[in-house]
Structure formats: structure tokens, C-alpha cells
Amino acid sequence: MEKLFTTAFRIRTFESGGIKLYRQGLVRGYFHPSLGQEGIATGACAAIEDRDYIGSTHRGHGHCIARGAEIDGMVAELLQKRTGYCKGYGGSMHIADITKNNLGANGIVGAGTPLGVGAALANQVRGSDAVTITFTTDGATNNGTFLESLNLAAIWNLNFILIIENNQYAVSTTLEEATRDTDLYKRGEAIGVESHQIDGNDPLLVYETVLDAVKKCRSGLGPVLIEAKTYRHSGHHVNDPGKYMPEERLKYYMDRDPVDRARDNLIKLGKMSAEEVAKLEEEIQQEFDAAVDKAKNAGEISVEEFQEFVSAY
Amino acid sequence: MYREALREALFEEMELNDEVFIIGEGIAERGGSYKVTEGLLAKFGALRVRDTPISEASMIGVGVGAAIAHARPVVEILYIDFAMLGMDQIVNQAAKFRLMTGGEGRVPFVLRTQGGTGGGVAAQHSQSLEALFYHIPGLRVVMPSTPYDAKGLLKYALRQPDPVMFLEHKHLYMTKGMVPEGEFVIEFGKADIKREGSDVTLIAWSNMVPRTLEAAEALAEEGISAEVLDPRTLVPLDKDAILASVAKTNRVVIVQEAVRRGGVASDIASIIQQEAFYDLDAPVEIVAGMNTPIPFNLELEKASVPQTADIVAAAKSVLHADKAA
């Protein structure tokens with residue numbers, strides 16, 4: 001319970017802080033925050049072990065943090081420093097801590113799904129019961145590889161869990177515009193895959209549902225599809241104010257904010273006092289601020305090092 | 001035979017490394033359309049030799065993902081034309097992953113497929129698309145022309161940390177050639193002089209190698225000594241061997257089955273003109289496919305790609321370029 005909140009708040013802090021850094025001109029390129037969607041990464045990653053794998057979307061900071069990445073390396077990557085997880089070669093859209101069995105974020109919507117099935121296949125071939133979770137999006141469900149890949153996982157009984165983070169927008173195109181049947185979990189059922197639709201803003205429910213899916217996979221009953229419904233707190237990326245998002249709907253989801261829910265749970269169930277939570281939040285904020293200071297002082301890869309690195313290309 | 005050499009390479013590497021496995025359409029029970037994978041299912045079982053549904057974009061992506069997760073996948077794509085369905089996974093995923101992860105992530109992935117003309121299989125089953133992959137930084141491009149090269153290069157490919165596009169040729173599967181007993185691999189980036197000569201360098205790869213050797217024979221009858229150089233791998237390209245041969249013969253013809261426009265031959269020609277301009281006694285000549293999809297009609301198919309006589313004519317043209325001037 002404490003871990004769920006800590007992770008969710010750590011993601012919230014990273015995303016809010018990253019937006020500020022972006023506005024200050026310190027983060028270049030694109031920055032797609034997962035504000036409002038923290039519950040899914042948090043709950044899902046809490047349900048797996050070190051030997052398991054995850055694959056991410058282009059809104060991938062949260063997954064990376066939930067999978068255990070250090071904030072230092074993540075902030076440094078945003079600031080294109082050599083101490084970043086990808087040494088400044090990958091950036092926000094490709095961030096990954098490979099050492100944590102993270103297959104990475106992806107700049108191509110939907111492309112991570114076959115990669116995740118591949119990791120699951122590799123584990124089956126080597127006789128491991130490791131599970132692979134791939135996060136995908138409602139936008140990616142209309143891409144051909146969504147069905148193809150899930151079908152491959154199904155015919156091979158792979159330990160594969162596909163989680164659709166249904167935030168109801170593909171950039172600015174609504175789910176209703178993109179598909180006739182907006183219950184995306186049904187697509188899994190159509191090809192014989194156990195499928196669920198859940199409230200993605202409830203980190204505890206996500207955790208329990210994924211934990212159950214992990215158990216099923218490890219006992220040979222995979223794959224499992226989970227559609228987790230959520231909503232972005234703003235537009236597609238930092239420079240998109242999201243004016244097309246209806247206010248009532250946004251309010252509905254704001255009122256069901258996953259970070260608030262994780263915090264309320266913690267306090268309501270008497271696991272921590274409000275003061276203790278406030279102290280924890282402060283610590284997490286300090287961790288982020290310290291990471292920013294470190295990253296600002298870190299160096300960048302030189303052009304010569306880059307040329308050497310790619311000389312065999 | 002070429003296809004048996006490929007099979008031996010797969011067999012040996014699968015025996016050596018439990019994490020080598022193969023997926024593709026009809027490759028298990030049936031042994032693939034060109035019978036390269038015949039017998040592997042019986043030996044290695046359905047976990048490591050498995051058929052896929054027709055879903056190239058995902059099959060290729062699955063191979064890339066398995067490679068990122070440190071296994072050794074081989075994905076067989078029936079025709080290179082079908083690899084186009086998986087271009088995102090090849091170009092945006094496999095080729096970029098190492099750089100995007102700052103060198104931490106590797107993609108030890110082999111995509112085996114075949115291309116080229118032969119037998120009237122028409123426009124969507126006959127293309128020579130190596131230039132597409134040659135263009136993309138991060139991919140290795142291998143095009144073996146003999147059984148010996150096929151085996152040695154495929155074995156080497158299966159030990160590489162980076163994605164390899166292993167491009168076979170449909171016309172070569174039944175060709176015979178010496179393959180030595182015992183363990184051997186051929187490193188990438190080492191060209192092979194398929195025939196020594198002193199008057200002109202003929203550079204060719206894949207199915208253009210046997211055709212160019214025929215041309216060299218014909219030229220020899222006329223007293224012209226042609227050297228035939230097969231780069232074997234286009235990426236990495238053995239520039240040193242090419243430049244050494246140019247320095248020796250001072251005249252070059254580059255032969256490719258692929259269409260002329262935007263081809264690998266043009267790039268090799270540009271390297272030669274930049275780095276060996278003063279060794280040249282004549283402009284570099286390129287013999288290439290016409291800029292056309294491949295027609296079904298057999299005579300037209302033949303007319304659309306280089307034939308022996310075209311290579312002979314080009315060689316003579318660079319030899320007599322000075323006289324013509």
C-alpha cells in the first residue's frame with residue numbers, strides 16, 4: 001500500500017517537475033506526461049518480480065519509474081546528459097533502464113506490442129516462467145500489430161499481459177472517433193484471450209487484477225488482456241493545452257485522481273498518518289530536486305565519443 | 001548445395017546455443033518454401049522451430065523483442081517483398097535500439113529472407129531490395145553467393161550482437177559448391193576475390209556473382225583478364241579490398257540485380273571516385289536492373305535485370321573507354 005503511493009507520487013513529481021524543466025527550456029524535444037494515469041503503471045509493476053519484463057508506450061516515464069528506475073538517471077536523460085539512462089541518445093520518448101528488464105518506451109505508437117511478445121517468447125524458449133507486461137494505448141489498438149501480436153501470444157500460450165491504458169485519446173482524436181465499439185477489451189475476447197476492463201485510476205484494483213493475471217500466466221493460462229480506463233490531466237504533450245477535452249469529463253477523472261486515491265487509502269486504512277504522508281511527499285520532492293541539480297552539473301557525450309560509438313554503423 | 005549449407009549453419013548454431021530459435025511461415029513441418037529448415041523441427045522440437053500465422057509486422061517485431069530480451073531469434077520471411085510489412089520493426093526498432101539506449105541494449109536478431117528474379121514469380125515476389133536496408137544505419141546486410149559463404153556468414157550472423165538482414169537468392173538455393181568439413185565462420189566485412197584478374201575489376205554480389213563469373217570466362221576467351229570481387233556483406237563493406245582491386249586493375253564495373261536508381265552500386269561507385277579517382281583509367285560503369293517492377297513475362301523479366309552479355313559489354317566498354325575518346 002505504501003509502495004503504491006510512493007510510486008504513484010514519485011511519477012507525479014517527475015512529470016510535474018519535468019513539465020517545469022520543459023517550460024524553462026531545459027528539456028528539449030517532446031515531453032508526454034502521464035499525469036492522471038499513474039495508477040496503471042504503479043499497480044501493474046507492483047505485481048511483478050525482478051525476472052519479469054515490461055514494455056512501454058511513448059508516454060513511458062511512469063512505467064520506467066514504476067519498474068524501479070532511479071530518478072537521477074531519468075532526469076539526466078531528459079536533460080540529455082551522459083549520466084542519463086540512455087546517455088542522452090534516447091530522450092523522453094525512448095527512455096529505458098535496460099538492466100531492469102525494461103524493453104523501453106517507444107516513439108512509434110503500437111510498436112512495443114510485438115517487442116513484448118518477443119520477450120515473452122524468448123522466456124518460453126529458455127524455459128523461464130518470467131512474465132512480460134506490455135503497456136499499450138487505446139490509440140494503438142487500431143494498429144494491425146495489436147491484433148497480430150496478441151494472436152501470436154495466444155496461439156503460443158505466452159506469459160504475456162497486454163495492458164491497454166485507455167486514456168480515451170490518440171493525440172486529440174477521441175476513442176469514439178477512432179472505433180465503433182469503445183469496449184476495447186472485447187478485441188481480446190474475439191481471439192480467445194482472457195480479457196478484463198477495469199478502472200485504471202484505482203491503483204489497488206490494477207495491482208490485484210495484474211497479480212491475478214501474473215498467476216494465470218505462470219500456471220500456463222496466459223496471455224491476458226486488461227483494458228484499464230483512465231484519462232489524461234492535460235493535452236497530448238506539454239505544448240498541447242488539450243482544449244478539446246470536455247470539462248465535465250476531465251473533472252470526473254480529476255475527482256478520481258489515482259495519486260489521491262492511493263494517498264487516501266494509505267491514511268484511511270491507518271497505514272500512515274497524514275503527517276507521515278506529507279513527510280514522505282517532501283522526501284520524494286527532494287529526491288527529484290537533487291536529481292535535477294546533479295543532472296544540471298553532469299556533462300554531455302562529446303561529438304568525438306558519439307562518432308566513435310557509431311563508427312561501425 | 002546453398003540451401004543445405006544454410007541448413008547446416010542453423011543446425012550447428014542451434015546445437016551450440018539453446019537460445020537460437022526459428023520462426024516463420026511454413027518453416028517447421030514443411031521445412032520452408034525453399035527447404036532450408038527441413039529436419040530442424042525433428043531435431044530441435046516445436047519450442048525452437050515454429051510456424052507463424054501470416055503476420056509479418058508482428059513476426060519481425062517478435063524476433064526483435066526476443067533479441068532485446070537476449071535470445072537468438074531467426075525470423076524467416078518467405079520473400080523479401082513481404083519484409084516490407086515489417087519495416088517499422090526493422091527500421092525504427094531493430095536498427096535504432098542500440099543507439100537509443102546509449103549502447104546498453106543490443107539486438108542480436110537475424111532476419112533471413114530471399115529476393116531476386118527467377119522463374120516468373122512477378123513483381124511482388126522478385127525484388128532486390130538490399131538498398132533499403134543498406135540505407136539504414138544500425139543494420140548489417142549480408143548477401144552470400146556461394147554455399148561456402150552462405151554457411152560461414154550465417155554462422156557468424158548468429159553470433160553477432162546487432163541486427164542482420166541475411167538476404168539469400170531464390171536462384172541460388174540449388175547451386176553447388178564446396179563446403180569444408182568442420183567448424184568455420186566468415187567474418188563480416190571481408191570481401192572475397194572470386195576470380196583473380198588484372199585488366200578490370202567486376203564487383204558483384206548474390207546471384208550476380210555466378211553471372212559475372214560467366215562474363216569473366218567469356219572475357220578471358222577474348223584475352224581480357226577480369227577480377228571478380230564479391231563483397232559478401234554490403235554492411236559492413238570491405239572498402240579496402242575494393243580499393244586494392246581498383247588500384248590493381250584501374251577499371252571497374254559494378255553489377256547489381258537491383259534497380260539502378262538509388263542502388264548500392266551507385267554508392268560503391270561514389271566511394272571509388274572519391275577515394276581512388278587517380279587509380280581510374282575510365283569512368284566506373286554500373287550494370288543494374290532497369291527502373292521497373294519485375295514483369296511476369298519471362299523474356300521481359302530477363303530483359304529487366306543484368307545478363308552475362310550486358311556484363312561483358314560493360315567490361316569492354318571500360319577497357320576501351322580511352323580508345324573511344
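Criteria and thresholds
Residues numbered from 1 in each chain as written. Chains lettered and ligands numbered in written order. Predicted model: local features only at pLDDT ≥ 70, side-chain atom pairs only at ≥ 80, totals over all residues. Heavy atoms only, no water. Buried < 20%, exposed > 50% of the residue type's maximum accessible area, 1.4 Å probe, protein only. Helix = DSSP H or I, 4+ residues; strand = E, 2+ residues; numbered from the N terminus. Contact = heavy atoms within 4.5 Å. Buried area = accessible area lost by both parts, 1.4 Å probe. Salt bridge = Lys/Arg side-chain N within 4 Å of Asp/Glu carboxyl O. Polar contact = N/O pair within 3.5 Å; in protein donor to acceptor, adjacent residues only side chain to side chain. Nonpolar A, V, L, I, M, F, W, Y, C, P; charged D, E, K, R; others polar. Pairing = 2+ DSSP bridges. Axes fitted to C-alpha atoms, helices over the stretch in contact; angles between N-to-C directions. Expected span 1.5 Å × (residues − 1).

The name recorded for chain A in an unreviewed UniProt entry is Pyruvate dehydrogenase E1 component alpha subunit, from Rhodobium gokarnense.

Below, the discussion takes up helix α4 (residues 71-78) of chain A. Residues separated by three or four positions in an α-helix point in the same direction, a consequence of the helix having 3.6 residues per turn. Taken across its eight residues, α4(A) has seven buried, putting it largely inside the fold. The elements touched by buried residues of α4(A) are α1 (2-23), α3 (61-66) and α12 (274-297) of chain A.

The next point concerns the interface of chain B and chain A. Across the contact, 40 residues belong to chain B and 34 residues belong to chain A. Surface buried jointly by chain B and chain A totals about 3,100 Å² across both partners, of which 65% is contributed by carbon and sulfur atoms. On the chain B side of the contact with chain A, B:R50, B:L99 and B:M100 bury the most area, a combined 18% of that side's loss. Applying the counting criterion to the chain B and chain A interface returns two salt bridges. One salt bridge connects B:E19 with A:R126, and the closest N-O pair in it is separated by 2.9 Å. Taken together, the connections running from chain B to chain A amount to 10 residue pairs in polar contact (both at pLDDT 80 or more). No other element matches helix α3 (residues 56-68) of chain B, which puts 10 residues into the side of chain B that touches chain A. For the side of chain B that touches chain A, a count of residues per class yields 16 nonpolar, 14 polar and 10 charged.

This paragraph deals with the sheet that holds strand β7 (residues 192-195) of chain B. Residue and element names in this part refer to chain B. If you walk across this open sheet you meet the five strands as β7-β9-β8-β11-β12, and the pairing is mixed. Two strands close off the open sheet at either side, each with one partner strand: β7 and β12 (285-289). For this sheet, the mean inter-axis angle between neighbouring strands, taken without regard to orientation, is 25 degrees. Where strand β8 (residues 200-204) meets strand β11 (residues 252-259), four bridges bridge the pair, whose relative direction is parallel.

A word on α1(A). Residue and element names in this part refer to chain A. Between its terminal C-alpha atoms α1 stretches 31 Å, which fits the 32 Å expected from 22 residues at 1.5 Å a residue. Across the 22 residues of α1, 16 count as buried, placing the element largely inside the fold. Where α1 terminates, the next one or two residues include G25, which has phi positive at roughly 85 degrees.

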